[in-house]
Amino acid sequence: MPKLRSKFICQECGFQSEQWLGRCPECSSYNSFVEELVGSASDERKLDITLRQKAEPITAIVKRGFVRERSGIDEIDRVLGGGVVRGSTVLLGGEPGIGKSTLMLQMLHSFLSIDKERSALYVAAEESIEQIAMRADRLKVASPSIMILPDTDVTLVCEEIERLKPSIVVVDSIQAMVHPELVSAAGSVSQVRECASELVRMAKVTGTSIFMIGHVTKEGVIAGPKVLEHMIDTVLYMEGDQHYALRLLRVTKNRFGPVGEVGLFKMTEDGLEPVTNPSEYLLSGSQVETSGNMAAAVIEGKRPLLLEVQALVAPTYFGAPRRLVTGMDYNRACILIAVLERRADVRLGDQDVYINVAGGIRVTESALDLPAALAIASSRYDVVIPRGVAAFGEVGLGGEVRPVPLPERRLLEMERLGFKTCFGPLYPNGGRFGGELKGLSYIAVRQVGEAISKLLGLGSSGEWRHRRKGIASAKRGDKSSAGTEDA
Ligand SMILES: Nc1ncnc2c1ncn2[C@@H]1O[C@H](COP(=O)(O)OP(=O)(O)OP(=O)(O)O)[C@@H](O)[C@H]1O
Ligand SMILES: [Mg+2]
Ligand SMILES: [Zn+2]
């Protein structure tokens with residue numbers, strides 16, 4: 001029996017302390033310390049098992065490079081930077097029920113079907129092997145070369161990896177794995193860290209690529225996130241709204257490729273299907289012409305996405321006005337509302353404001369500011385924004401519309417989908433984007449109030465203030481000034 005000692009470990013970042021602390025000095029989390037028994041033997045043992053390696057010239061290694069293997073699912077390959085790197089470790093995080101196990105099973109199937117020599121091992125640490133098998137059957141991805149191992153002991157899993165030498169391993173999930181030398185419960189920081197480091201070592205030694213599924217806590221972080229992310233080569237997150245079909249696969253860390261790429265899927269009965277035309281998919285729901293709807297161009301990864309931001313402004317009848325926001329950052333929305341009030345004279349102090357990004361997508365990019373502001377104004381004054389109009393741009397506290405990256409990509413996507421007019425920030429080139437844009441006119445605006453008055457057909461900013469009272473009666477869908485490039 002190894003000697004045991006007790007330590008207090010921050011469950012957020014893995015910081016260790018001899019006594020209990022109310023607040024973690026490392027990551028500033030409160031009440032995150034849990035007493036864990038740590039087997040003292042494990043640290044020494046790690047030294048013994050590190051394989052003896054010989055040093056070699058760096059150029060020899062450059063020549064050898066690393067081997068990338070395509071998984072056959074393009075959305076995954078792109079996110080990984082071109083395929084699965086042999087011997088690498090990947091962490092796939094996501095909320096419960098988002099589709100992590102589904103995606104991994106589909107990936108194994110596709111990975112194996114590319115090359116008959118490949119083999120796969122699925123470690124079922126959480127669900128029964130029958131559950132996994134039935135899921136594979138439903139997804140039509142069951143194949144004899146996918147081996148399933150129902151075990152939670154990481155040392156036994158490693159032995160099985162050494163015996164089978166599979167090309168790829170999925171551990172579902174890392175939080176359910178235990179190291180027999182540690183006494184702490186499965187899912188605690190020391191268990192997760194020890195199991196993951198054992199698997200990382202295994203991947204390096206055998207050249208097997210290992211995918212680990214990790215659960216995400218309410219705050220949206222993988223339990224013991226920093227601890228895990230340091231060790232692992234590539235960290236992926238699967239996101240999406242349970243009530244919608246769209247799923248995003250993001251990469252937040254990648255030692256073998258760029259970060260920021262996204263893969264898009266939709267969840268169907270037959271599993272996750274790649275979405276090749278996300279803008280069309282996201283805009284397909286916008287059939288009714290009502291005020292408060294505005295098309296926005298955002299960038300996810302390197303891809304332009306057109307989507308619809310909706311606002312509903314209604315008088316507050318009781319208490320403080322409500323602000324309910326889905327699909328965009330709540331604080332950002334509150335700032336926008338204040339900016340509209342102060343800088344563009346849109347009265348919202350006695351109004352409830354609801355904001356929603358259609359399609360269940362969560363946008364973090366500030367380019368959503370201008371379209372969201374326009375949607376709010378459109379709903380406030382009940383003026384329909386004509387079809388074929390989109391916008392993008394960040395809105396500052398002064399109400400100024402600020403440039404965001406990659407305007408050309410956004411505009412080309414709009415043009416491709418038949419948009420006619422775009423409102424956006426003023427760029428150094430004066431908002432003229434080469435001769436590429438044919439059917440699309442770009443209207444550069446400096447101030448959010450200027451965009452509102454131009455788009456909603458309410459005259460210039462000065463006049464806008466003056467006419468505020470009469471605005472509610474403004475003609476619905478008045479297009480008089482949209483589509484022209486007057487300053
Ligand atoms: N019979 C079915 N038909 C259609 N969709 C289904 C069916 N069964 C499950 N799903 C979808 O699959 C999702 C669950 O997928 P999966 O089990 O892969 O998620 P997970 O992220 O691994 O969940 P967990 O956190 O429980 O491990 C469900 O939320 C549902 O959307
Ligand atoms: Mg699962
Ligand atoms: Zn901490």
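The structure displayed is predicted, hence computed values, not measured ones. Note that residues are indexed from 1 along each chain, following the sequence as it is written. Naming scheme: in the order in which they are written, chains are lettered from A and ligands are numbered from 1. Only residues with pLDDT of 70 or above have their local features reported here, since the model is predicted, and side-chain atom pairs are shown and tallied only from 80 upward, although totals for entire chains, interfaces and linings are computed over all residues.

**As for the overall build of the chain**
What counts is decided by this rule: Helix and strand assignments follow DSSP, with helices taken as H or I runs no shorter than four residues and strands as E runs no shorter than two, numbered in order from the N terminus. We call a residue exposed when 12 or fewer other C-beta atoms sit within 10 Å of its C-beta, buried when the count reaches 20 or more, and partly exposed for counts in between; the C-beta positions come from the backbone. Each residue gets a C-beta atom placed from its backbone, and two residues are in contact if those atoms lie within 7 Å.
Scanning the chain from terminus to terminus reveals 14 helices and 23 strands. Residues classed as buried in the chain amount to 43% of the 487 residues present. The contacts in the chain between residues at least 6 apart in sequence include a share of 67% that link residues at least 24 apart.

**A look at the confidence of the model for the chain**
Under the convention used in this document: The predictor reports its confidence for every residue as pLDDT, a score running from 0 up to 100.
Averaged over all residues, the pLDDT of the chain is 84; the fraction at 70 or higher stands at 86%. When pLDDT is averaged over each helix and strand of the chain, the minimum, 42, is found for helix 14 (residues 461–466) and the maximum, 97, for strand 20 (residues 394–395). Below pLDDT 50 for its whole length, residues 459–487 participates in 45 contacts with residues either more than four positions away or in separate chains.

**Describing the sheet that holds strand 14 (residues 271–274)**
Adjacent strands of a sheet form backbone hydrogen bonds with each other and so pair up, either parallel or antiparallel. Short version of the rule: Strands are labelled as partners when DSSP assigns at least two bridges between them. In this analysis, axes come from line fits to C-alpha atoms, helices being fitted only over the stretch in contact, and the angle between any two N-to-C directions falls in the range 0 to 180 degrees.
Sheet architecture is open: nine strands sit in the order 8-7-9-10-6-11-12-13-14, paired in mixed fashion. Of all strands in the sheet, those bounded by a partner on one side alone are strand 8 (146–149) and strand 14. Neighbour to neighbour, the strand axes of the sheet diverge by 25° on average, direction disregarded. As judged from the four bridges shared by strand 13 (residues 262–268) and strand 14, these two strands associate in the antiparallel manner. By the bridge assignment for strand 14, Met267 is matched with Leu272. Across the sheet, helix 4 (residues 100–114) is in contact with strand 6 (89–94), strand 7 (120–124), strand 8, strand 9 (168–172), strand 10 (209–215), strand 11 (234–239) and strand 14; its angle to strand 9 comes to roughly 170°. Most of the contacts of helix 6 (residues 154–164) go to strand 7, to which it runs at about 165°, and overall it touches strand 7, strand 8 and strand 9.

**Brief notes about the sheet that holds strand 19 (residues 389–391)**
Strand order in the open sheet formed by seven strands is 17-18-16-15-19-22-23, with mixed pairing between adjacent strands. Two strands lie at the open edges of the sheet, namely strand 17 (323–326) and strand 23 (441–445), each paired on one side alone. This sheet shows a mean twist of 25° between the axes of neighbouring strands, independent of strand direction. The strands touched by helix 10 (residues 330–343) are strand 17 and strand 18 (351–357); relative to strand 17, the strand with the most contacts, the crossing angle is about 130°.

**Overview of the environment of Met107**
You can see Met107 is positioned in helix 4. For the pair Met107 and Ile73, spaced 34 residues apart in the sequence, the C-alpha separation amounts to 6.6 Å. Beyond its immediate chain neighbours, meaning those up to four positions away, Met107 contacts Ser71, Ile73 and Ile76.

**As for the packing of helix 6 against helix 7 (residues 189–206)**
For any two helices packed against each other, the geometry is given by the interaxial angle and the distance between the axes. Rules: Any angle that is under 35 degrees is reported as roughly parallel, and any over 145 degrees as roughly antiparallel; angles of 65 to 115 degrees are reported as roughly perpendicular and all others as oblique. Residues were grouped as follows: Ala, Val, Leu, Ile, Met, Phe, Trp, Tyr, Cys and Pro as nonpolar; Asp, Glu, Lys and Arg as charged; and all remaining residues, including Gly, as polar.
Two elements in contact, helix 6 and helix 7, have axes whose closest approach is 10 Å; the angle formed by their N-to-C orientations is 10°. On the basis of the axis angle, helix 6 is roughly parallel to helix 7. Residue-level inspection shows Val154, Cys158, Ile161 and Glu162 of helix 6 in contact with helix 7, the latter providing Cys195, Glu198, Leu199, Met202 and Thr206. Class assignment for the residues of the contact of helix 6 with helix 7 results in six nonpolar, one polar and two charged.

**A word on the site of ligand 1**
The cut-off we apply is this: Only the C-beta atom matters for this test: placed from the backbone, it must lie within 6 Å of a molecule or strand for the residue to be near it.
Around ligand 1 sit Gly94, Pro96, Gly97, Ile98, Gly99, Lys100, Ser101, Thr102, Arg138, Met267 and Glu269, and those are all the residues in its vicinity. Tallying contributions element by element places helix 4 first for the shell around ligand 1, with three residues. Here the shell around ligand 1 is composed, by residue class, of three nonpolar, five polar and three charged.

**As for unusual backbone geometry**
Here the amide bond leading from Asp172 into Ser173 is cis, since omega sits at 0°, within 30 degrees of zero. Here Ser173 shows up in the loop between strand 9 and helix 7. For Asp345, which is not glycine, the phi dihedral falls at a positive 60°. Secondary-structure assignment places Asp345 in the loop between helix 10 and strand 18. Of note in the backbone geometry, Asp382 takes a positive phi value of approximately 55° without being a glycine. When you line up the elements, Asp382 lands in the loop between helix 11 (369–380) and strand 19.

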